[in-house]
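What the coordinates show
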Amino acid sequence: EIINDIMTNDLGQTATFEPTDYTTWEYAFTVNKKINSKKLLEGIASASPFIPRFTNTGEFRFDVIKETYNHTTPSIKIEKADCISWSAKRTDIEEVFTKIELKYNWSYILEEFKDTVSYKITDAGILPEDANGNNDYEQFYYGLAYDDSDSTLIVDSDRGKYIRDHGTAKSFAKWLLRWHCNQHLKITVKLPLKYLNIEVGSLLSFEKLGDANPFGINYGHYH
């Protein structure tokens, strides 16, 4: 809503996005120095799961990393025969974190953050739990210390300057932790022009990638 307002009333663009996810998150900040509008919008978006952008046709839109996905979520199916070439790798192990400390509520007078919120991957409610309240996450799988000493991410960047609400700070810290608690699979695939409609934020599925699943993960299309 803030980005919509800036785009519409300050920049004279058309922006009418109405969010259906994360509707309880609240933002508040002050712009006390001259700033490039693109940098401002990028800063606001960096403290959220939203990706504002212009399409290749000049339309301003938002993509969003949704709160939940499942195998029935609509996706663009990529046929195996259409994959001219492909490769897969995982994100760096250094990008895996089991604890997040988010600093927020920036003081423009003191020029420092006034509050901090912190979560560990073992905290209740972070990941799905069994009947005994335990989740299946194992630091040992990645060779990480159980005290989080080598896998703690301290977020004391400009992202925290856009958040003053405690509830939003908690939600964003949990979101970051869930995003960073595992390695991600990165697939590079060369496709023919029939897939030109694929854009940032498109949800894809594959008939099959080669003769074996990358790292044993099945990304096949749900039938």
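Presented here is an overview of the structure given in this document.

1. Observations regarding a negative patch on the surface
A grouping of Glu129, Asp130, Asp136 and Glu138 is seen on the molecular surface, where their side chains present a negatively charged patch. Mapped onto the fold, Glu138 is located in the loop between β6 (112-120) and β7 (152-155).

2. Concerning unusual backbone geometry
A positive phi is found at Tyr22, a non-glycine position, where the angle reads about 60 degrees. Along the chain, Tyr22 falls in the loop between α1 (2-10) and α2 (37-46). Of the residues examined, Tyr22 reaches a relative accessible area of 8% and is grouped as buried. Positioned with a positive phi, Glu111 is a non-glycine residue whose angle comes to about 55 degrees.

3. Comments concerning the nonpolar core
Nonpolar side chains tend to gather and get buried jointly when the protein is soluble and globular. The biggest cluster of nonpolar side chains holds 38 residues, and the ones touching the most others in it are Ile3, Ile100, Leu102, Val117, Ile121, Tyr137 and Phe172. If you list the elements that add at least two residues to this core, you get α1, α2, β2 (60-64), β5 (99-107), β6, β7 and α3 (166-180). Per-element tally for this core: the top contributor is α3, with six residues. The residues touching Ile121, leaving out its near neighbours within four places in the chain, are Thr98, Ile126, Leu127, Asn135, Tyr137, Gln139, Leu177 and Cys181. Of all hydrophobic cores here, the second largest spans five residues; its members include Ile78, Cys83, Phe206 and Leu209.

4. Regarding the pattern of salt bridges
In total, this model carries nine salt bridges according to the counting rule given. When the shortest N-O distance is used, the salt bridge between Arg61 and Asp63 registers 3.2 Å. Across the pair Lys194 and Asp82 runs a salt bridge, and its minimum N-O distance is 3.2 Å. Of this pair, Lys194 sits in the loop between β8 (185-190) and β9 (204-206) while Asp82 sits in the loop between β3 (76-78) and β4 (85-90), and the two are 112 residues apart along the sequence.

5. With respect to the pairing of β5
Regular strands place their side chains on alternate faces of the sheet. Summarising the sheet, β5 and β6 pair through eight bridges and their orientation is antiparallel. Across the sheet, the residue bridging to Tyr104 is Asp115, located in β6. The pairing of β5 with β7 spans four bridges and is classified as parallel. Bridged to Lys99 within β7 is Thr152.

How each quantity is defined
- Per-chain numbering applies: the sequence of each chain, read as written, is numbered from 1 onward.
- Owing to the predicted nature of the model, reporting of local features is limited to residues with pLDDT of at least 70; listing and counting of side-chain atom pairs is limited to 80 or more, with chain, interface and lining totals taken over all residues.
- Think of the side-chain values as coming from all heavy atoms in the structure, minus any hydrogens and water.
- Like charges are joined within 9 Å and nonpolar side chains (Val, Leu, Ile, Met, Phe, Trp, Tyr) within 5 Å, but only among residues with over 30% relative accessible area and no salt bridge; these make up the patches.
- In this description, accessible areas are obtained by the Shrake-Rupley approach with a 1.4 Å probe, and a residue is regarded as covered only by the protein chains that are shown.
- A carboxyl oxygen of Asp or Glu within 4 Å of a side-chain nitrogen of Lys or Arg is what we treat as a salt bridge.
- The charge count includes Lys and Arg as positive and Asp and Glu as negative, but it does not include His or the ends of the chains.
- Charged groups are reduced to one reference atom each: NZ for lysine, CZ for arginine, CG for aspartic acid, CD for glutamic acid.
- Labels follow the DSSP assignment, with helices taken as runs of H or I lasting at least four residues and strands as runs of E lasting at least two, numbered in each case from the N terminus.
- Residue exposure (1.4 Å probe, protein chains only): buried if accessible area is under 20% of the type maximum, exposed if over 50%, otherwise partly exposed.
- Among buried residues, the Ala, Val, Leu, Ile, Met, Phe, Trp, Tyr and Cys ones that are joined through side-chain atoms within 4.5 Å form a nonpolar core.
- The contact criterion used throughout is that any non-hydrogen atoms of two residues lie within 4.5 Å.
- When DSSP finds at least two bridges between two strands, those strands are taken to pair.

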